[in-house]
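# Architecture and fold: a report
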Amino acid sequence: MLKNGQNEFTKNENSKVRIKVINELCISAATCIIQAPNTFDLDDDGIAYVKEGTWDEAQTIINAAASCPTTAIIIEDMQGNQIYPEVKIGA
Ligand code: SF4
């Protein structure tokens, strides 16, 4: 069963960003959890999910996404614009 933020964007009233973890890409490296322990955790299968409660600062969450070796974490703003990975227009 999918947990919060797995393969679907989740938001938090305390945060300016929305987060999605792509389950198929997560290799349980856990660097996201080290970087943003109030936002990410591993489920029983070793796949990252997004925690309830107050998240880390938005920049900390972005840094955590950037630390993921497989780019399994997608970050959007509340308007649905992708923040991480950076979208290159005209590439
Ligand atoms: S850093 Fe990436 S691969 Fe590692 S647990 Fe987090 S989402 Fe999964």
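For the structure, see preceding data.
For the structure given in this document, a descriptive report is provided here. (Residues numbered from 1 in each chain as written. Predicted model: local features only at pLDDT ≥ 70, side-chain atom pairs only at ≥ 80, totals over all residues. Heavy atoms only, no water.)

### Points about empty space enclosed by the protein
In total, this model carries 1 cavity of 30 Å³ or more according to the counting rule given. Looking at the largest cavity, its volume works out to about 90 Å³. Around the largest cavity, the lining comprises 13 residues; the ones closest to its centre are Cys-26, Ala-29, Ala-30, Cys-32 and Cys-68. Across the lining of the largest cavity, the residue classes break down as 10 nonpolar, 3 polar and no charged. (1 Å grid on protein atoms, 1.4 Å probe; cavity = no way out; pocket = protein on both sides within 12 Å on 5 of 7 lines; lining within 4 Å. Points joined across faces, edges and corners; volume = space filled by probe spheres on them. Nonpolar A, V, L, I, M, F, W, Y, C, P; charged D, E, K, R; others polar.)

### Examining the site of the ligand
Taken together, 14 residues are adjacent to the ligand, and Cys-26, Ala-29, Ala-30, Cys-32 and Cys-68 come closest. Put simply, the ligand lies in the largest cavity. Residues belonging to the shell around the ligand are distributed by class as follows: 11 nonpolar, 3 polar and no charged. (Near = heavy atom within 4 Å. Sits in = over half its atoms within 2 Å of the grid points.)

### Observations concerning the sheet that holds strand β5 (residues 82-84)
Judged by pairing direction, the sheet is antiparallel, and its 3 strands sit side by side in the order β1-β4-β5 without closing on themselves. Where the open sheet ends on each side, the last strands, each with one partner, are β1 (17-21) and β5. For this sheet, the mean inter-axis angle between neighbouring strands, taken without regard to orientation, is 35°. Examined bridge by bridge, strand β4 (residues 73-77) and β5 share 2 bridges and lie antiparallel to one another. Counterpart to Ile-75 in the pairing with β5 is Tyr-84. Across the sheet, helix α2 (residues 58-67) is in contact with β1, β4 and β5; its angle to β4 comes to roughly 150°. (Pairing = 2+ DSSP bridges. Helix = DSSP H or I, 4+ residues; strand = E, 2+ residues; numbered from the N terminus. Axes fitted to C-alpha atoms, helices over the stretch in contact; angles between N-to-C directions. Contact = heavy atoms within 4.5 Å.)

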